[in-house]
Structure formats: C-alpha cells, structure tokens
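Geometric and topological summary
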Amino acid sequence: MPLVPMRQLLDHAAANNYGLAAFNVNNMEQIQAIMEAAKETDSPVIIQASRGARSYSQDAYLRHLMLAAAELYPTIPIVMHQDHGNSPKTCKSAIEQNFTSVMMDGSLQDDGKTPATYDYNVQVTADVVKLAHPLGISVEGELGCLGSLETGEGEKEDGHGAEGKLDHSQLLTDPAQAEDFVRKTKVDALAVAIGTSHGAYKFTRKPTGEVLAMDRIIEIHRRLPNCHMVMHGSSSVPQDLQDLINRYGGKMKQTWGVPVEEIQLGIKHGVRKINVDTDNRMAITAAIRKVFAETPDKFDPRDYLKPAREAMKEVCVARMKAFGQAGNAGKIKPTTCAEFAKVYS
C-alpha cells in the first residue's frame with residue numbers, strides 16, 4: 001500500500017466520527033511498535049517526525065523505514081507527516097523526502113521560538129498550501145501558541161516552542177480568527193491552542209476548564225463544522241507509567257496530562273488528529289529501566305529494546321481503541337498523493 005495523504009484519513013475519520021492518534025517517532029523500534037498496534041487493531045495510522053527527529057534519524061533512514069512499514073503492512077493506510085515545520089523551506093524539504101503531509105507552524109517565526117503576527121502566519125501557511133496541494137500533499141496549520149494557562153509561559157521541546165511570557169490571546173485560539181485563517185489559507189487541518197503543551201509537565205493538577213479550554217474546540221467546531229481540528233501536546237501522562245519509571249530509579253515529578261475523556265469530548269466536536277509522544281516515551285523508558293534494574297547482567301540491546309517496543313505498542317493500542325480509529329483501516333481505499341491532487345484542482 002502506498003503512503004497516503006493525511007486529508008484522506010481525516011475525511012474518513014470525520015465521516016465516521018472518530019479521531020486519529022498521530023505518533024511521533026525517532027527510530028525503528030517506535031515505527032515497529034506503531035505498526036504492530038495498527039495491525040492488531042486494524043487502524044489507519046499517522047506517523048510523524050519533528051525537525052529534531054529528522055535530524056536525529058537522518059531523512060534517508062526515516063524515509064526507508066516508512067517505506068518498509070508500507071511494504072510489511074500492506075493493509076494499513078499510513079501517513080508520513082512533518083510535525084511543526086518552522087518555515088516553508090522545512091516543509092519543502094519534507095515533501096522532497098516523500099512526506100505525504102506537512103505542518104506549517106506559522107504561529108512562531110522561523111526561529112521556532114518568537115511568536116509571529118497573524119498576517120505572517122496566514123502568509124507562510126498559504127504559501128505552503130500552494131506548494132503542497134498541487135502535489136496532493138496535505139497541510140496542517142496552527143493558530144495560537146502552545147503553552148500553559150497556569151504559568152502563562154510558552155513551552156519548548158525539540159528546539160521548537162514559544163519563549164517567555166504569553167498572554168491568553170496568544171495561548172488560546174480565537175474562534176472568529178480561526179474562521180478567517182482557514183478561509184484564507186485553505187489548510188486541511190487546524191491545530192488549536194487550548195492550554196496543552198508538549199512534554200510530560202503539562203498541568204500541576206488534574207486539568208479543569210481553567211487550564212484546559214475545551215470550550216474553544218466546541219466553539220470553533222460550531223463555527224467551522226467541516227474543519228478538521230488537531231490537538232497537540234495531548235499525551236495523557238499515565239500515573240502507572242510515572243510510578244513505574246520512579247520505581248526503577250527514575251525521578252519524574254508528579255504531573256498530569258490530558259485525560260482521555262477530554263480528548264474523546266474533542267473528537268465529538270471536530271478533533272480528528274491527536275498528537276501523542278510523551279506517553280510512548282514514558283512506556284519505553286519504564287520498560288528499559290525495569291530490565292536494567294532487574295537484570296543488570298544484560299548487555300544485548302535487544303534484551304531491553306524488545307520489551308520497550310512491546311510497552312509502546314500497548315500504549316498505541318490503547319489510544320487507537322480509545323480514539324475510535326480501531327477497525328477502520330480495512331474500510332479505507334488508499335489514494336496516492338498524485339491521485340489526491342485532483343481533489344484540489
């Protein structure tokens with residue numbers, strides 16, 4: 001099966017009222033975990049790489065790993081997505097590396113840390129759409145900066161994220177502005193700012209409406225019922241994984257993530273893509289720590305990478321089932337990007 005454009009999966013998810021987990025990857029074992037979970041649950045998948053991941057893995061390795069996944073799992077529709085592209089140049093390089101979907105994060109300037117103006121965001125996002133759509137490649141945009149409503153600060157991970165104090169107008173997507181943004185840019189998906197952030201330390205307590213503004217999603221969906229929304233920074237940071245990491249020598253501070261039930265509420269109101277990374281990192285780390293602690297004589301990387309891969313797979317299976325994408329892979333007739341270009345013409 002060829003790698004498919006993300007818009008095809010988003011449209012199917014919208015028509016059938018489910019969400020799609022988008023899993024970040026850096027290496028072979030992570031891709032294997034995702035694909036085994038997809039096979040077990042019959043789920044379409046979005047696999048994504050940040051600029052940091054592309055640098056770590058090197059594009060050629062990543063490209064061939066994705067092609068191997070498509071070859072080994074011919075019944076699973078797979079999207080290869082660039083996460084948080086900082087500039088049209090970055091998005092162009094992803095397209096040249098066979099990515100079938102790109103994110104132009106124009107909420108920040110191309111340094112990846114300075115909040116950008118609205119007009120700048122519209123311009124660079126529209127530029128990427130004009131580049132990608134004739135090739136059948138999907139485009140995700142972002143309106144608003146990821147960051148904490150508790151601290152008023154932006155967040156940074158993998159070298160990307162707003163720095164310093166931000167006000168609520170920057171940390172929360174304005175629904176009226178979202179209408180204008182989608183109309184002007186013609187993006188396939190819109191990442192919204194609602195108080196989520198990357199990494200494990202999202203909230204100091206179980207989030208309520210004061211720090212996780214789900215009402216913004218509900219209002220944007222009311223205004224834009226056909227818009228595919230994206231929740232970034234949406235790992236749930238499970239307590240059992242925090243405990244397991246600390247039981248085997250880790251020092252994670254107590255923290256809270258985005259509850260699965262809040263994500264499910266978002267799915268009911270137009271969220272179609274949910275980014276998950278931290279939960280998988282935690283599962284891998286907990287499994288490796290356990291092997292090191294219980295069998296310190298082990299030195300073959302396979303002895304700890306196999307259980308790490310299995311632990312990540314379990315998280316992926318749980319998210320695929322919770323978001324409703326399980327059971328849908330076989331219902332999708334794959335479309336190549338070249339074929340999908342006709343949709344935009």
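These notes cover the structure that comes with them. (Residues numbered from 1 in each chain as written. Predicted model: local features only at pLDDT ≥ 70, side-chain atom pairs only at ≥ 80, totals over all residues. Heavy atoms only, no water.)

Brief notes about the overall build of the protein chain
- A count of helical and extended segments in the protein chain gives 14 helices and 8 strands.
- What you see for the protein chain is a C-alpha radius of gyration of 19 Å, in line with the 20 Å of a compact globule of 345 residues.
- Taking the contacts inside the protein chain whose residues are at least 6 apart along the sequence as the reference set, 76% of them involve residues at least 24 apart.
- Looking at the protein chain as shown, the accessible area adds up to about 14,300 Å², and 52% of this sits on carbon and sulfur atoms.
- Between the averaged position of the 39 positive side-chain charges in the protein chain and that of its 43 negative side-chain charges there is a distance of 2 Å. (Helix = DSSP H or I, 4+ residues; strand = E, 2+ residues; numbered from the N terminus. Rg over C-alpha atoms; globule rule 2.2 N^0.38 Å. Contact = heavy atoms within 4.5 Å. Areas by Shrake-Rupley, 256 points an atom, 1.4 Å probe, with all protein chains shown as cover. Lys, Arg positive; Asp, Glu negative; His and termini not counted. Charge placed at Lys NZ, Arg CZ, Asp CG, Glu CD.)

Quick notes on the state of the cysteines
- Scanning all chains against the criterion turns up 0 disulfides.
- Considering cysteine sulfurs only, Cys337 is the nearest to Cys91, which forms no disulfide, with 14 Å between them. (Disulfide = S-S within 2.5 Å.)

Some details on the pairing of strand β6 (residues 189–192)
- Judged by which residues are buried, β6 turns out to be covered on both faces: Ala189 and Ala191 on one side and Leu190 and Val192 on the other are all buried.
- Here 4 bridges tie strand β5 (residues 138–143) to β6, and the two strands are oriented parallel to one another. Directly across from Leu143, in β6, lies its bridge partner Val192.
- Here 4 bridges tie β6 to strand β7 (residues 228–231), and the two strands are oriented parallel to one another. Looking at β7, one finds that Val192 is bridged to Met231. (Buried < 20%, exposed > 50% of the residue type's maximum accessible area, 1.4 Å probe, protein only. Pairing = 2+ DSSP bridges.)

Examining helix α8 (residues 175–185)
- Along α8, the residues classified as buried are Pro175, Ala178, Asp180, Phe181, Val182 and Thr185.
- Each element contacted by the buried residues of α8 is listed here: α6 (118–132), β5, β6 and α9 (214–223).
- Measuring from the side-chain oxygen of the N-cap residue of α8 to the backbone nitrogen of Ala176 gives 3.2 Å; that N-cap residue is Asp174.
- Looking one or two residues beyond α8, the residue adopting positive phi is Lys186, at roughly 65°. (Polar contact = N/O pair within 3.5 Å; in protein donor to acceptor, adjacent residues only side chain to side chain.)

Re the pattern of salt bridges
- Here the structure, examined in full by the defined rule, presents 18 salt bridges.
- Glu40 is the salt-bridge partner of Lys313, the closest N and O atoms lying 2.8 Å from each other. Note that Lys313 is positioned in helix α13 (residues 301–323) and Glu40 in helix α2 (residues 28–41), a separation of 273 residues in sequence.
- Measuring nitrogen to oxygen at the nearest pair gives 3.3 Å for the salt bridge that ties Glu210 to Arg205.
- The class for Glu210 is exposed, based on a relative accessible area of 61%.
- One network of salt bridges, in which partners are shared, links Glu179, Glu219, Arg222 and Arg223. (Salt bridge = Lys/Arg side-chain N within 4 Å of Asp/Glu carboxyl O.)

Brief notes about the side chain of Gln82
- Its location among the elements puts Gln82 in strand β3 (residues 78–85).
- Within polar-contact distance, the side chain of Gln82 engages the side chain of Arg54 at 2.5 Å.

Quick notes on the packing of aromatic side chains
- Tallied over the full model, the rule gives 3 aromatic pairs.
- When the centroid spacing of 6.3 Å and the interplanar angle of 50° are considered together, the rings of Tyr118 and Phe181 count as tilted. Residue Tyr118 is located in helix α6, and its partner Phe181 is located in helix α8; the two are separated by 63 residues in the primary sequence. When sorted by exposure, Tyr118 lands in the same class as Phe181, which is buried.
- The interplanar angle of 75° and the centroid separation of 5.6 Å between the aromatic rings of Phe340 and Tyr344 together place this pair among those described as edge-to-face. Taken together, the residues Phe340 and Tyr344, both in helix α14 (residues 337–344) and 4 residues apart, mark about one turn of the helix.
- With a relative accessible area of 7%, Phe340 lands in the buried category.
- Assessed through its relative accessible area of 23%, Tyr344 is described here as partly exposed.
- The side chain of Lys253 reaches across the aromatic face of Tyr201, ending 4.2 Å from its centre. (Phe/Tyr/Trp six-rings, centres within 6.5 Å; stacked < 30°, edge-to-face > 60°. Lys NZ or Arg CZ within 6 Å of the ring centre and 35° of its normal.)

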